[in-house]
Amino acid sequence: MKKSTFGPWLAVVLGAAYFLIPLIATVEFSMRMKRGEYSFEAYRVVLGDPRFQASFSYSVALALATIVIGVLLVVPTAYWVQLRLPKLRPVVEFITLLPLVIPAIVIVFGYLRIYNSESWLPLTDSARGTDLLLAFGYVTLALPYMYRSVDTGLRAIDVRTLTEAAESLGAGWATILFKVIFPNIRSAILSGSFLTFAIVIGEFTFAALLDRPAFGPYLQLVGANRAYEPAALAIIAFVVTWACMGLIQVFGAARGTAQK
Amino acid sequence: MSEPTTARLHPAGPTGLPWAWIGVAPFFLFALLFLILPTAFLVVGAFQTADGAFTLQNLRDLGHPSIVAAYWISIQISAASALGGAVIGAFLAYAAVGGGLPAWIRPTLMTFSGVASNFAGVPLAFAFLATLGRTGLVTWALATWFGFNLYSTGFNLLSFLGLTLTYLYFQIPLMVLILTPALDGLKKEWREAASILGASTFQYWRRIGLPVLWPSLMGSTLLLFANSFGAVATAYALTGSSLNIVTILLYAQIRGDVLHNQNLGYALALGMILITGVSNIAYIWLRGRAERWSR
């Protein structure tokens, strides 16, 4: 049955237009800062702004902390569930999906109530404590993506045989986890990590309500006060997202498994 | 199917079960501290007075016109962007999967969708201000090339329509990502069998395609709904606090107790959890139904 491809082409062209026009508009807008000519002035101003540098490096550091905590939490759990407690799988999967059900603003509202200065664990009392709470919050937000990525990776390898082989050679649990399991699911961990990075880097709600100097609140502040710099920042944020997704493709290509 | 035998195959040592459970203890402790307890605190608080006594008054107070209006406009925007995203996303996914287009279209679309569905929050608001704002490129192009003044029609980016158009930027690609596997599940043989029996394209979709896809379409739409219902950053960066949607109201409540009642704030959060919860549970249920066909 030979069909006309006019309809499908039209859908793809319109879809591409919806995706590309805002990007083109943003690039164009970001270059309008100097009157009468196109320039990269807005980018120069933004990149030279000490608050940009401070908030961006803060968010990068926070994203890295989130990835480390998230990987150390998710990989052993997913490994252990697959190996010893398969009956727990539905429960663990359900918990990892909860952050998609409970809006982020609700979760952080709860944090502000149970970790405030009068609580049994006053994390928000100090800047370091709040940073830690923010990182834990981001681990929670990234949990659905990190868990699914790692779980897919673990299903693709023979966890039982690898573990038994390592055990029979006298390896302890730490050796098994870090020298056998981790290297075998490296691409899954990297995919989850890049996705986490993309989520954390410009996150606004958690950072603003916990009052930390992250990139998301900085973006909002610039947006409220400046004209051309926000467009330049949007392009920078887009490039970061694009880079993360591109890296996922690069590392995921070997496995050929789609993310998300 | 022989999952239960694993525990016996691999004895966990003399201490048996408790030892095996220690392996997942950190995860459960983390989930309890940073996901379940914070939410439970708000849920319990929604049923308490300021002194901690049980009450249903907070839930009744949610009926205040300004709060109902906030929920309602949030529901409308989420429903509009979910429906729009679902319909457009479905056509786009179908075009790439079964439209007979060159092979490079599909992976390209998937990559772009992966990026666009994650390009949300504050930067997305900036991008749409540069596109459809008063001095945006599209606004300018319409005025210059077509003599069409968008803003004289009453259009405003800081409005229901503006926010819906902005949300579509991540809703459409999300739909493409979720629906593509379901479209792959439509077996070619069904279509061939239908056409051998003399069915037209319309009859094929009416009798086979849509009934099989229906749970996936419905489920994905609900997921899109929940996805935009909880969104804060885009709306906040776009409209400040001028648009009274429920996430912005909750944000203001957390910041400065604008409702003058902490416990009413908890009830507001509870209402949000219920709405996103119901749509997610329905999604999971529908996904279960959809998977019957892929076996």
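Calculation rules
- Residues numbered from 1 in each chain as written.
- Chains lettered and ligands numbered in written order.
- Predicted model: local features only at pLDDT ≥ 70, side-chain atom pairs only at ≥ 80, totals over all residues.
- Heavy atoms only, no water.
- Contact = heavy atoms within 4.5 Å.
- Buried area = accessible area lost by both parts, 1.4 Å probe.
- Salt bridge = Lys/Arg side-chain N within 4 Å of Asp/Glu carboxyl O.
- Polar contact = N/O pair within 3.5 Å; in protein donor to acceptor, adjacent residues only side chain to side chain.
- Helix = DSSP H or I, 4+ residues; strand = E, 2+ residues; numbered from the N terminus.
- Domains from an automatic or database assignment.
- Nonpolar A, V, L, I, M, F, W, Y, C, P; charged D, E, K, R; others polar.
- Axes fitted to C-alpha atoms, helices over the stretch in contact; angles between N-to-C directions.
- Parallel < 35°, antiparallel > 145°, perpendicular 65-115°, else oblique.
- Left-handed = near helix turned anticlockwise from the far one by under 90°.

All right, on to the interface of chain A and chain B then. A common way to state how big an interface is: give the accessible area lost once the parts meet. If you look at the interface, chain A gives 78 residues, while chain B gives 75 residues. Summed over both sides, the interface between chain A and chain B buries roughly 7200 Å², with carbon and sulfur atoms accounting for 78% of that surface. When the area that chain A buries against chain B is broken down by residue, the three leading residues are A:Y18, A:I105 and A:F109, summing to 9%. One can count zero salt bridges joining chain A with chain B. Inspection of the chain A/chain B interface yields nine residue pairs in polar contact (both at pLDDT 80 or more). Broken down by element, the residue count for the side of chain A that touches chain B peaks at 16 residues, all from helix α1 (residues 6-30) of chain A.

With that settled, the discussion passes to the domain arrangement of chain B. All names here are of chain B. Segmenting chain B into domains produces domain 1 (1-45) and domain 2 (64-294). Relative placement of domain 1 and domain 2: their C-alpha centres are 35 Å apart. With five residues of domain 1 at the contact, the number on the domain 2 side is five residues. Regarding the contact of domain 1 and domain 2, the summed buried area is about 440 Å², with carbon and sulfur atoms giving 78% of it. Area buried by domain 1 at its contact with domain 2 is led by L42, V43 and G45, which between them contribute 78% of it. Linking domain 1 to domain 2 there are one residue pair in polar contact (both at pLDDT 80 or more). Across the side of domain 1 that touches domain 2, the residue classes break down as three nonpolar, two polar and no charged.

The geometry of helix α12 (residues 229-252) of chain A relative to helix α7 (residues 122-132) of chain B is characterised by a closest axis approach of 8 Å and an angle of 125° between their N-to-C directions. It follows from the interaxial angle that α12(A) and α7(B) lie oblique. Considering how the two elements wind past one another, α12(A) and α7(B) form a crossing that is left-handed. Along the contact surface, α12(A) presents A:P230, A:A234 and A:A237, while α7(B) presents B:P123, B:F126 and B:A127. Here the contact of α12(A) with α7(B) is composed, by residue class, of six nonpolar, no polar and no charged.

Looking now at the environment of A:R128. All names here are of chain A. Mapped onto the secondary structure, R128 falls in helix α6 (residues 127-155). Once the C-alpha coordinates of R128 and V45 are considered, the two residues, 83 residues apart in sequence, prove to be 30 Å apart. Of the polar contacts made by the side chain of R128, one reaches the side chain of D131; its length is 2.3 Å.

Residue and element names in this part refer to chain B. Taken as a whole, this structure holds twelve salt bridges over all chains when the rule is applied. Between R106 and D184 there is a salt bridge whose closest N-O contact spans 2.8 Å. Taken together, the residues R106 in helix α6 (residues 105-118) and D184 in helix α9 (residues 160-184) connect sequence positions 78 residues apart.

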